[in-house]
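Summary of structural features
Below are the chains, spelled out letter by letter.
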Amino acid sequence: MVKAVYPGTFDPITNGHLDVIERGARIFDEVIVAVTTNPAKTPWFTVQERVAMIEACCRHLPNVQVMAFDGLLVNFARQQGATVILKGLRAVSDFDYEFQMAAMNRQLAPEIETLFLMTSLPFAYLSSSIVKEIALLDGDLSGLVPDLVAEQLRRKAAERRR
Ligand code: PNS
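Counting from 1, residues in each chain are numbered in the order their sequence is written. The predicted origin of the model limits local features to residues at a pLDDT of at least 70 and limits the giving and counting of side-chain atom pairs to 80 or more, whereas totals for whole chains, interfaces and linings rest on all residues. Only hydrogens and water are set aside; all other atoms, that is, all heavy atoms of the structure, feed into the side-chain values.

**Focus: the overall build of the protein**
Helix and strand assignments come from DSSP, with helices taken as H or I runs of at least 4 residues and strands as E runs of at least 2, each series counted from the N terminus. When helices and strands are tallied, the protein shows 6 helices and 5 strands. Along the protein, helices and strands appear, N-terminal first, in the series β-α-β-α-β-α-β-α-β-α-α. Computation of the radius of gyration draws on C-alpha atoms alone. For the globule rule, the value is 2.2 Å times the number of residues to the power 0.38. In terms of C-alpha radius of gyration, the protein reaches 15 Å, essentially the compact-globule figure of 15 Å for 162 residues. The C-alpha extent of the protein, read off along each of the three principal axes, is 50 × 35 × 30 Å.

**Description of the site of the ligand**
In the vicinity of the ligand, 13 residues are found, and the nearest of them are Gly8, Thr9, Lys41, Leu72 and Leu73. Between Thr9 and the ligand, the recorded distance is 2.5 Å, taken from a side-chain N or O atom to an oxygen atom. In protein, a polar contact means a hydrogen-donor-capable atom and an acceptor-capable atom, both N or O and within 3.5 Å, with residues adjacent in sequence counting only if both atoms are side-chain atoms; elsewhere, any N or O pair within 3.5 Å suffices. Contact distances for the ligand include 2.8 Å between an oxygen atom and a backbone N or O atom of Leu73. Per-residue accessibility takes into account occlusion by the displayed protein chains alone, with areas from the Shrake-Rupley method and a 1.4 Å probe. Notes on the ligand: free accessible area 550 Å², of which the protein chains cover 75%. Listed by contribution, the elements that provide at least two residues to the shell around the ligand are β1 (3–8) and α4 (95–108). When residues of the shell around the ligand are assigned to their parent elements, the largest contribution, 3 residues, is made by α4. Each residue is assigned to one class: nonpolar for Ala, Val, Leu, Ile, Met, Phe, Trp, Tyr, Cys and Pro, charged for Asp, Glu, Lys and Arg, and polar for all the others, Gly among them. Counted by class, the shell around the ligand contains 6 nonpolar, 5 polar and 2 charged residues. Put simply, a residue is near a molecule or strand once any heavy atom of it comes within 4 Å of that molecule or strand.

**A few points about a nonpolar patch on the surface**
Two joining distances apply to patches: 9 Å for like charges and 5 Å for nonpolar side chains (Val, Leu, Ile, Met, Phe, Trp, Tyr), and every residue must have over 30% relative accessible area and no salt bridge. Only one rule defines a salt bridge in this text: a Lys or Arg side-chain nitrogen within 4 Å of an Asp or Glu carboxyl oxygen. On the surface, a cluster of nonpolar side chains totalling about 260 Å² of accessible area is made up of Leu72, Met104 and Leu108. Structurally, the position occupied by Met104 is in helix α4. Buried means the residue's accessible area, taken with a 1.4 Å probe over protein chains only, is under 20% of the maximum for its type, while exposed means over 50%, and partly exposed covers the values in between. You can call Met104 partly exposed: its relative accessible area is 45%.

Rendered as structure tokens:
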């Protein structure tokens, strides 16, 4: 029984995140999508909104649950009995930061392995930040985020333009 934690800010969840979650759910017995409550960047969505959107997008995945966490990721993983931290890797530009986090998490919790899934190609340059910019500029979000997320993004973007 292998439980994996897939952590992130998810402000908001994109089709790239969903791709990693779906593939992770086929590999691991259980996947916990762990939404950080204290990101450095000021998020558009509250943690409750982010959790609710991910839950709605993952209804078809019975072995996936969504939880908010604060503090150290490795402490959360230990509390949940997870032995794997699951991460997605997009372009080479992700590597340095991810390598640093994986090395530090390994030092803090040697029993937990960080495993990376290479992004599926259509999502290689997709990020929550770029999706928010497109929403703000009223661009087409189809194919980038699930429809229900696109709706929420358009609502938030309209509020921000006011
Ligand atoms: O989606 P993001 O913003 O790239 O996710 C970053 C995240 C949440 C995975 C990272 O900031 C994190 O693990 N935060 C929890 C605090 C922590 O454990 N920090 C030490 C990491 S070595």
